[in-house]
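Structural characterization, general
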Amino acid sequence: MLHFIEKTLSPRPLPSAKALRAGTTVIENVSRRGFLAGAAGFAVALQVFPARAYVSYDHGGLTMPHGVITDPHVFVAISPDGTVTIVAHRSEMGTGSRTSIPMVVADEMEADWDRVKIVQAVGDEPKYGNQDTDGSRSLRHHIQPARDIGAAVRKMLEQAAAKKWNASPDDVEAIGHQVVHKSLGLRVGYGELAEAAMALPTPARETLKYKDEKAFRYIGKGAVQIVDLHDITTGKAVYGADVTLPGMLFAVIARPPVVGGAVKTVDAEATLKVPGVVRVEQVPGAPMGSKFKPLGGVAVVARNTWAALKGRDALKIAWDNGPNAGFDTPAYEKALRASAGAPGTPVRDQGDAEKALAGAARVFTREYYQMHMAHAPMEPPAAVATVADGKCEVWGPLQSPYGARVDIADFLGMKEADVTVHVTLLGGGFGRKSKCDFAIEAAWLSKTVGAPVRVQWTREDDIRHSFYHTTSVERIDVGLDKDNRPVAWRHRSAAPSFLSTFAPDEGVQHPIEIGMGLEDMPYEIPNVRAEQCKAMAHTRVGWFRSVSNIPRAFAVQSITAELADELGRDQKDFLLEMIGSPRELDWQAMGLGQAMWNNGEPAAEFPFDTGRLRGVVELAAAKAGWGRSLPKGEGMGIAVHRSFVSYIATVVRAKLDPDGTVRVPEAHVAIDCGFVANPERVRSQMQGACVFAMTAAMHGGVSFEKGAVVESNFHDYRMVRADNFPEVVHTHIVPHPFAVHATGVGEPAVPPFLPALTNAIANAGGKRIRDLPIGDQTKA
């Protein structure tokens, strides 16, 4: 995520999004790292067309560290038996990127998916390009490179066959895992051509030909299941805690209960008497602002996990709780409200909101609060490491394996080239496993004890020592004229920033966080002002599935529904009225000092299109039957949000039991994410996002007392469970051709679900929720 900080977008003029949506053919000279997307036709034989005939476009992947790599020799190997091995360089945590990107390569190279094998890349961005699996950008940034790779391999196979037959390259074509001589009817399998084909140099991009999307076998069909499905369902899948090495020891760590704390004294006498305990080591810690370095503490190393846990229980530690020992949630909430209630630093100033508010016929004001939240993936962090003979090897569920490699090398004082990081499956990530502190712990302990070590975090460790989703107060003032038309909007946001994890805290938010629903609020109101208000961090803050989009969508969509009720308006109709006319947002007209963050994408290619925003509202409402009569105690709520350059509207139908228990019989999610490579994964992610978001809305609250986290496990940091979760999630995908750029899927359905749920609760006759989590607020 932080790789976006120094990113500079390309200043080169680009074709307009309107031209692309209209189907205009654009021919342009592209930079060395530009991508080509193509189309082709399929008649009696596969028809392909030159790359120059198709639109190419810039995207944020080009400016990520190490960019993108499209060398087929790096990603594809073909065995003599015809098996095609494709390297997956993104981590798998349920989004399907480990399947979908190789699937695109296979389709473009005309490979038989049943003969494709996927292998996971180690952390090596100089070789594979950027490997950060976060920000909902795997397909967004890599669908075009994957097509480049596949088209290049197909051409190399055709070249090898042409040489074998002494034929013209125009008289051969790859189709269905073999190359055909069109005139003579000869056929040769990929395996027979493998050695000669893969020995050829990578073809120049301008010589490549691409399939027409009508000829896709797998792309866009939704028929390819994730490659790990069988192993996951049969218990054969390998996660971080499943890796074993000969002579491996097991470790758990007693970490400071307060961030910034340290060990004063430790008595390990009883611990060392526990059968199986090998040794006790004090782990070096680091203060806040030290990125992902470990918190420190006392490690118990044993011959099995049980002995390590019992040994840790026997430790007698006196802690110095450091500068954050006074951090208490109720007092901090009060401080956030005070900060948001006073003028802050403007990040958007369109028109004159202060004057318009002062002259308004009335001002409608609401405040919305959300607590810190923990990611709580089903698999707590775990990593295995071995350091020997000047080399370090690590296995773990890591979203950023190359970033982990760099950080491990730095912490151990080793050369990066001497560190290898292997990626296992992630049993959930949500941003937590972008932070490699647990892998650093394992590597340091292995080096210290001279043996392979697995560091295992327990559920309690994970909930009490995480990098938490920010807490925030969002205060919004809406000025209405005498005809009750909104003429002014002022939004003040007070939230500690994840910047505090990387540098000394200044209490200000990063442009990434500001760009998540604060500066880019899309309503067509003449006077808009957005301010960030100071908020100092007192714990580790990190990105979380959808990051700051969650509190912003909750606030904006809640006050929209509340204002609609105040004015006696239908909530859906009023929402559309607030969005206004279909248009592309102009950052200069919006009163921004610089271009919107736009999730790191160039606005010329990924504009904020309110027509598409309106479209998903109308689609979700129509599919849900908005406005129909519901039984007493039931209500529908609607919300919309653009994040990760995708547009999602959600309608939730909520039901309140007599005791106030909230249930969700169904939700309708309308998503416009451009071209969809794998509809099966989109549906899966929409379903998962609704479950994740219901947990966040109902139960997602981490509280602090004297600097330490109060909650510890699922009994007090609750999840939605099988007896109460979104029972049916209907996913409605807006269809687009390949020319409409693919955008994010893994995260953007989370933010609108929360306000859709709270709006539904209010419409069912329940309490209007302004503070999250909901908890027992709906109960008498």
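Provided above is the structure to which this section pertains.
Residues numbered from 1 in each chain as written. Predicted model: local features only at pLDDT ≥ 70, side-chain atom pairs only at ≥ 80, totals over all residues. Heavy atoms only, no water.

**Side note on the overall build of the protein chain**
Rule in force here: Helix and strand assignments follow DSSP, with helices taken as H or I runs no shorter than four residues and strands as E runs no shorter than two, numbered in order from the N terminus. Here the term buried applies to any residue with accessible area under 20% of the maximum for its type, exposed to any over 50%, and partly exposed to those in between, with areas from a 1.4 Å probe on protein chains only. By definition in these notes, contact holds between two residues if any of their heavy atoms fall within 4.5 Å. Per-residue and other accessible areas follow the Shrake-Rupley method at a 1.4 Å probe size, with only the shown protein chains counted as cover for residues.
For the protein chain, the helix and strand inventory stands at 20 helices and 30 strands. Structurally, the protein chain occupies a C-alpha span of about 80 × 75 × 50 Å along its principal axes. The buried share among the 780 residues of the protein chain stands at 63%. Summarising the internal contacts of the protein chain: among those between residues at least 6 apart in sequence, 79% fall at separations of at least 24. Here the protein chain displays about 28300 Å² of accessible surface, and carbon together with sulfur accounts for 52% of that area.

**Description of the nonpolar core**
Going by this rule: We call a set of buried Ala, Val, Leu, Ile, Met, Phe, Trp, Tyr and Cys residues a nonpolar core when their side-chain atoms join them within 4.5 Å.
Counting residues in hydrophobic clusters, the biggest one holds 102 residues, and the most contacted among them are Trp489, Tyr523 and Leu757. In this structure, Ala111, Met156, Met198 and Ala677 belong to the second largest nonpolar core, which totals 52 residues.

**Things to note about the sheet that holds strand β10 (residues 249-254)**
What counts, and what does not: A strand pair is defined by DSSP finding two or more bridges across the two strands. Lines fitted to C-alpha atoms define the axes, with helix axes restricted to the stretch in contact, and inter-axis angles between N-to-C directions lie between 0 and 180 degrees.
The strand order across the open sheet formed by seven strands is β12-β13-β10-β20-β17-β18-β19, and the pairing between neighbours is mixed. Since the sheet does not close on itself, it has two edges, and those belong to β12 (277-283) and β19 (419-423), each with one partner. When the angles between neighbouring strand axes are averaged without regard to direction, this sheet yields 20 degrees. Set on the sheet, helix α9 (residues 305-313) makes contact with β10, β12, β13 (297-302) and β20 (453-456); between it and β10 the angle comes to about 25 degrees. Across the face of the sheet, helix α13 (residues 437-449) comes into contact with β10, β12, β13, β17 (382-388), β18 (391-396) and β20 while running at roughly 35 degrees to β17.

**Observations regarding the pairing of β13**
The element β13 is largely enclosed, with a buried count of six among its six residues. Strand direction decides the pairing type here: β10 and β13, joined by five bridges, are antiparallel. Of the residues in β13, the one forming a bridge with Phe250 is Ala302. Sheet topology note: the β12/β13 ladder contains six bridges and is antiparallel. Bridged to Val277 within β13 is Ala302.

**Here we look at unusual backbone geometry**
Of note, the amide linkage connecting Leu772 to Pro773 takes the cis form, showing an omega dihedral of 10 degrees. Mapping Pro773 onto the fold places it in the segment after β30 (771-772). The phi angle at Ser546 is positive, at roughly 90 degrees, despite the residue not being glycine. By the secondary structure assignment, Ser546 is in the loop between β23 (527-533) and α16 (549-566). Of the residues examined, Ser546 reaches a relative accessible area of 0% and is grouped as buried.

**Here's the deal with helix α6 (residues 190-198)**
Convention followed: Read the arc as the range of directions from the helix axis to the C-beta atoms.
Within α6 the residues assigned to the buried category are Tyr190, Gly191, Leu193, Ala194, Ala197 and Met198. All buried residues of α6 project into a common sector of 150 degrees when viewed along the axis, lining one side. Every exposed residue of α6 that faces more than 90 degrees away from the buried side is listed here: Glu192 and Glu195. In this structure, the buried side of α6 is in contact with α2 (72-75), β3 (76-78), α5 (138-165), β6 (172-174), β7 (178-181) and β8 (187-189).

**Considering the packing of helix α12 (residues 401-412) against α13**
We count it as follows: In these notes the angle categories are as follows: under 35 degrees is roughly parallel, over 145 is roughly antiparallel, 65 to 115 is roughly perpendicular, and the rest is oblique. Should the near helix be turned anticlockwise from the far one by less than a right angle, the crossing is termed left-handed; should it be turned clockwise, right-handed. Three categories are distinguished: nonpolar for Ala, Val, Leu, Ile, Met, Phe, Trp, Tyr, Cys and Pro, charged for Asp, Glu, Lys and Arg, and polar for the others, with Gly belonging to the last.
Contact pair α12 / α13: the axes reach a minimum separation of 10 Å and the direction vectors enclose 40 degrees. Overall, the two elements α12 and α13 adopt an arrangement that is oblique. Handedness of the crossing formed by α12 with α13: right-handed. Of the residues in α13, those in contact with Asp407, Ile408, Phe411 and Leu412 of α12 are Ala439, Ile440, Ala443, Trp444 and Lys447. In the contact of α12 with α13, the residues fall into seven nonpolar, no polar and two charged.

**Things to note about the environment of Leu193**
Relative to the elements of secondary structure, Leu193 occurs in helix α6. Leu193 sits in the buried class, given a relative accessible area of 2%. In the structure, Leu193 is positioned 39 residues away from Arg154 in sequence and 11 Å away in space, judged by C-alpha atoms. With sequence-adjacent residues up to four places away left out, Leu193 is seen in contact with Leu157, Ala160, Ala161, Lys164, Val179 and Val188.

**Remarks on the packing of helix α17 (residues 571-579) against helix α18 (residues 610-624)**
Contact pair α17 / α18: the axes reach a minimum separation of 10 Å and the direction vectors enclose 175 degrees. Between α17 and α18, the interaxial angle falls into the category roughly antiparallel. Across the interface between the two elements, Lys572, Leu575, Leu576 and Ile579 from α17 touch Thr610, Leu613, Arg614, Val617, Glu618 and Ala621 from α18. Here the residues of the contact of α17 with α18 are counted per class, giving six nonpolar, one polar and three charged.

**Details of α5**
The test is simple: In this analysis, the expected span of each helix is defined as 1.5 Å times one less than the number of residues it contains. To get the bend at a given residue, fit one axis to the seven residues ending there, fit another to the seven starting there, and take the angle between those axes.
Compared with an ideal rise of 1.5 Å per residue, which puts 28 residues at 40 Å, α5 spans 39 Å between its outermost C-alpha atoms and is within 8% of the ideal. Of all the bends in α5, the largest measures some 30 degrees and sits at Gln144, one to four residues before the proline Pro145. Counting buried positions along α5 gives 24 out of 28 residues, so the element sits mostly inside the fold. Just beyond α5, the residue with positive phi is Asn166, at close to 55 degrees.

**Some thoughts on the side chain of Ser466**
For clarity, the cut-off: The definition of a polar contact used here is a pair of N or O atoms within 3.5 Å, where within protein one atom must be able to donate a hydrogen and the other to accept one, and adjacent residues in sequence count solely through side-chain atom pairs.
Counting through the fold element by element, Ser466 comes out in the loop between α14 (459-464) and β21 (472-480). Judged by its relative accessible area of 1%, Ser466 falls in the buried class. Within polar-contact distance, the side chain of Ser466 engages the side chain of His375 at 3.4 Å.

**Observations regarding the packing of aromatic side chains**
Definition in use: Only centres within 6.5 Å qualify two rings of Phe, Tyr or Trp (six-membered ring in Trp) as a pair; their planes then separate them into stacked at under 30 degrees, edge-to-face at over 60, and tilted for everything else.
This structure, assessed with the given rule, holds 18 aromatic pairs. The interplanar angle of 90 degrees and the centroid separation of 5.8 Å between the aromatic rings of Phe292 and Phe467 together place this pair among those described as edge-to-face. With a gap of 175 residues between them, Phe292 in the loop between β12 and β13 and Phe467 in the loop between α14 and β21 connect regions that are remote in the sequence. Residues Phe292 and Phe467 agree in their burial class; the two are buried. Both rings, one in Phe544 and one in Phe692, keep their centres 5.3 Å apart while their planes meet at 50 degrees; by these two values the pair is tilted.

**So, the sheet that holds β6**
Strand order in the open sheet formed by three strands is β6-β7-β8, with antiparallel pairing between adjacent strands. The open sheet has two free edges, formed respectively by β6 and β8, since each of these has just one partner strand. Between one strand axis and the next, the sheet turns by 20 degrees as a mean value, whatever way the strands run. Pairing between β6 and β7: three bridges, direction antiparallel. Looking at β7, one finds that Ala174 is bridged to Val179. In this fold α6 packs onto β6, β7 and β8, with an angle of close to 75 degrees to the strand it touches most, β8.

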